[in-house]
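Okay, here's what each chain looks like letter by letter:
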Amino acid sequence: YAGPVINPQSLTSYLALPRCLIAVDSNGNILWIDPDVDNTNLPLAIAHHGVQAYTLVQLKPGEFIMPGLVDTHIHACQFPNLGVGGDLQLLDWLTTYTFPAESKFKDLDYAERVYTDVVERVIASGTTTCCYYGSIHRDATMRLADIVRKKGQRAFVGKCNMNWHCPDYYVEKSVEESISATVDLIRYVQSFPLSPAQEPLVHPVITPRFAISCTPDLLAELGDLAESMPQIAIQTHISENQKEVDDTLRFFNADSYAGIYDKFKLLRHNTILAHGVWLTEKEMDLIAERGAGLSHCPTSNFYLNSGMARVGLLLDHGVKVGLGSDVSGGYNPSILHAIQMASVASKMLAIQSESKKCNCEREHEHSDISSDSAEVEQHLKHKEGRFANKRLGVATLLYLATKGGAEVCCLQDRIGSFEPGKAFDALLVSVRSESGNPAMWSFDLEREPSPESKLQQWLERFLFCGDNRNINKVIVQGTVIGGQEYQA
Ligand code: GUN
Ligand code: FE
């Protein structure tokens, strides 16, 4: 692949390489990367690396390559509800809209039809790695895993465990039934053939819906199961909504939500926790200590009126963070939209903190009450963190959507950025005005002073205005599996 490449590096930096050459081997792994080649003589540049037989993909003007997007939290069985229910809060939304919709997946033909459509849509939106929740149904979730495998996406697929505080029509009847269905799904997914790179592309994931929906004995059994399979990931929800937090602490007679998962051995390096809007700093420390990751789902946090996760503070506490669409708590399956909402949420937190500080300082000037100064101190202290109460910039947003997501999935050695030996999971993006997206005015950017700053602007424009129309190829493990130019 020859052309402009965006390569995430750290939470605060990425490389914009206008004349890059990436070599991918026949197994879909990256062989080498030449960051700056003479693109007037590519055959010579390639020969320099000792490669004889190859197919060259040369990018057209207005195109660039970046790592594929990682969605660390999505409910495949909630797509039929997209854009419905945003007037409610979490617990009422679950009983009014979500449980009825998920219960339909008992019907395998329905599941097959919906899941085929879901996986195609998720791929078309540029998600190369995806953490899916299915319904409680074993067989329907096996179908979801089959479809993901056939379409070639990298993914985690889990069957929801729920036997507590659920309606009669949508509940697992016993702990034994819930555990044996979970084990069946794990074994089934583990039986899939390996990728050309001799590794699984689809992974099973243990999926207790959230603490409220699992009795303590079910959580205990799931913890034992997880302990016996240390490499299997775990996904669940945490501290999304204030009423949910109150109910959870009451039902479990606990004082820490994260502490409940920890007590049941469900908080570890490969646990993916969605939301975390109302986590305390003590909980953030525990999560960081266990090495678990957080899926930031800002679209959903706004839509279901949950609040704004303190992503900067989580990063300062050393928690791994990725992004999640959380369909259908989130109304948009694209991680680009999650990036935009993550930016808005961080700006709102930054503005709020700044104005609180200004108000404190102003009031302090006109008063001699010493507690005011303590409050100013408090705000100043928070400002001292590297990320807390600060706007998340383009580099950070890009990181969360790629490398951060990879870390949350414990796939940081395989995906998230371009390095020799990693899988080539990538997007070929077009910011040309012919994409059909009315926000693209590529010629405008031709005035940029350097090719590098032009490429940086292409990236920002794609992240904030881009959509499926700007994604020409979606590539997983070196194979094109979707995008505008894809033909099945
Ligand atoms: N908490 C428990 N279940 C769900 C769900 O389906 N969506 C969201 N957003 N939060 C949950
Ligand atoms: Fe969710």
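Fair warning: this is a prediction, and the values are worked out from it, not measured in the lab.

Criteria and thresholds
- Residues numbered from 1 in each chain as written.
- Chains lettered and ligands numbered in written order.
- Predicted model: local features only at pLDDT ≥ 70, side-chain atom pairs only at ≥ 80, totals over all residues.
- Axes fitted to C-alpha atoms, helices over the stretch in contact; angles between N-to-C directions.
- Helix = DSSP H or I, 4+ residues; strand = E, 2+ residues; numbered from the N terminus.
- Parallel < 35°, antiparallel > 145°, perpendicular 65-115°, else oblique.
- Left-handed = near helix turned anticlockwise from the far one by under 90°.
- Contact = placed C-beta atoms within 7 Å.
- Nonpolar A, V, L, I, M, F, W, Y, C, P; charged D, E, K, R; others polar.
- Buried ≥ 20, exposed ≤ 12 C-beta atoms within 10 Å, placed from the backbone.
- Pairing = 2+ DSSP bridges.
- Right-handed = clockwise from strand over helix to strand, strands pointing away.
- Near = placed C-beta within 6 Å.
- Domains from an automatic or database assignment.
- Core = buried A, V, L, I, M, F, W, Y, C linked by C-beta atoms within 7 Å.
- Expected span 1.5 Å × (residues − 1).

Moving on: the packing of helix α14 (residues 394-408) against helix α15 (residues 451-465). Packing of α14 against α15 leaves a shortest axis separation of 11 Å and a crossing angle of 60 degrees. Here α14 is positioned oblique relative to α15, judged by the angle of their axes. Considering only the axes of α14 and α15, their crossing is left-handed. Taking contact as the criterion, the partners of Val394, Leu397 and Leu398 in α14 are, on α15, Leu459, Glu460 and Leu463. In the contact of α14 with α15, the residues fall into five nonpolar, no polar and one charged.

Counting buried residues in strand β6 (residues 127-133) gives seven out of seven residues, a clear majority hidden from the surface. Bridging between strand β5 (residues 69-75) and β6 involves five bridges; their strand directions are parallel. Opposite Ile74, over in β6, you have Tyr132 as the bridge partner. Handedness of the crossover is the feature at issue here: the chain leaves β6, passes through helix α4 (residues 138-151), returns alongside strand β7 (residues 154-158), and the resulting connection is right-handed.

The next subject is the site of ligand 1. Ligand 1 sits among His75, Leu90, Leu94, Thr98, Arg209, Phe210, His237, Glu240, Ser300, Asp326 and Gly329. Examining the composition of the shell around ligand 1, we find that three residues originate from one element, helix α2 (residues 90-103), more than from any other. Residues belonging to the shell around ligand 1 are distributed by class as follows: three nonpolar, five polar and three charged.

Domain parsing of the protein yields domain 1 (2-67 + 420-482) and domain 2 (69-341). For domain 1 and domain 2, the distance between their C-alpha centres works out to 32 Å. If you look at the interface, domain 1 gives 19 residues, while domain 2 gives 19 residues. Looking at the side of domain 1 that touches domain 2, the elements with two or more residues in it are α15, β15 (471-476) and β16 (479-482).

The next point concerns the packing of helix α3 (residues 108-124) against α4. Two numbers describe how α3 lies on α4: the axes approach to 9 Å, and their chain directions differ by 35 degrees. Both α3 and α4 take part in a crossing whose hand is right-handed. Residues Leu108, Ala111, Glu112, Tyr115, Thr116, Val119, Glu120 and Ile123 of α3 touch α4, and the partners they reach there are Asp139, Ala140, Arg143, Leu144, Ile147, Val148 and Lys151. Within the contact of α3 with α4, the residues separate by chemical class into nine nonpolar, one polar and five charged.

Our next topic: the environment of His269. The topology assignment puts His269 in the loop between α8 (257-263) and β11 (271-275). Taking the C-alpha atoms as reference points, His269 and Gly126, separated by 143 residues in sequence, lie 26 Å from one another. Those residues in contact with His269 that sit more than four places away from it in its chain are Gly291, Ala292 and Cys410.

Core analysis: the biggest nonpolar cluster contains 130 residues, and Tyr132, Leu144, Val157, Ile287, Ala342 and Ala401 have the highest contact counts within it. If you count residues domain by domain, this core takes at least three from each of domain 1 (2-67 + 420-482) and domain 2 (69-341). The residues touching Val157, leaving out its near neighbours within four places in the chain, are Tyr132, Gly134, Thr141, Leu144, Ala145, Val148, Val189, Val202, Pro204 and Val205. Of all hydrophobic cores here, the second largest spans six residues; its members include Leu90, Trp93, Tyr303 and Leu304.

A few words on α3. Taking 1.5 Å as the rise per residue, α3 with 17 residues should run 24 Å; its terminal C-alpha atoms sit 24 Å apart, in good agreement. Those residues of α3 that fall on the buried side of the exposure criterion are Ala111, Val114, Tyr115, Val118, Val119, Val122, Ile123 and Ala124. Those residues of α3 that are buried are in contact with β5, β6, α4, β15 and β16. Two residues or fewer after α3 comes Gly126, characterised by a positive phi angle close to 95 degrees.

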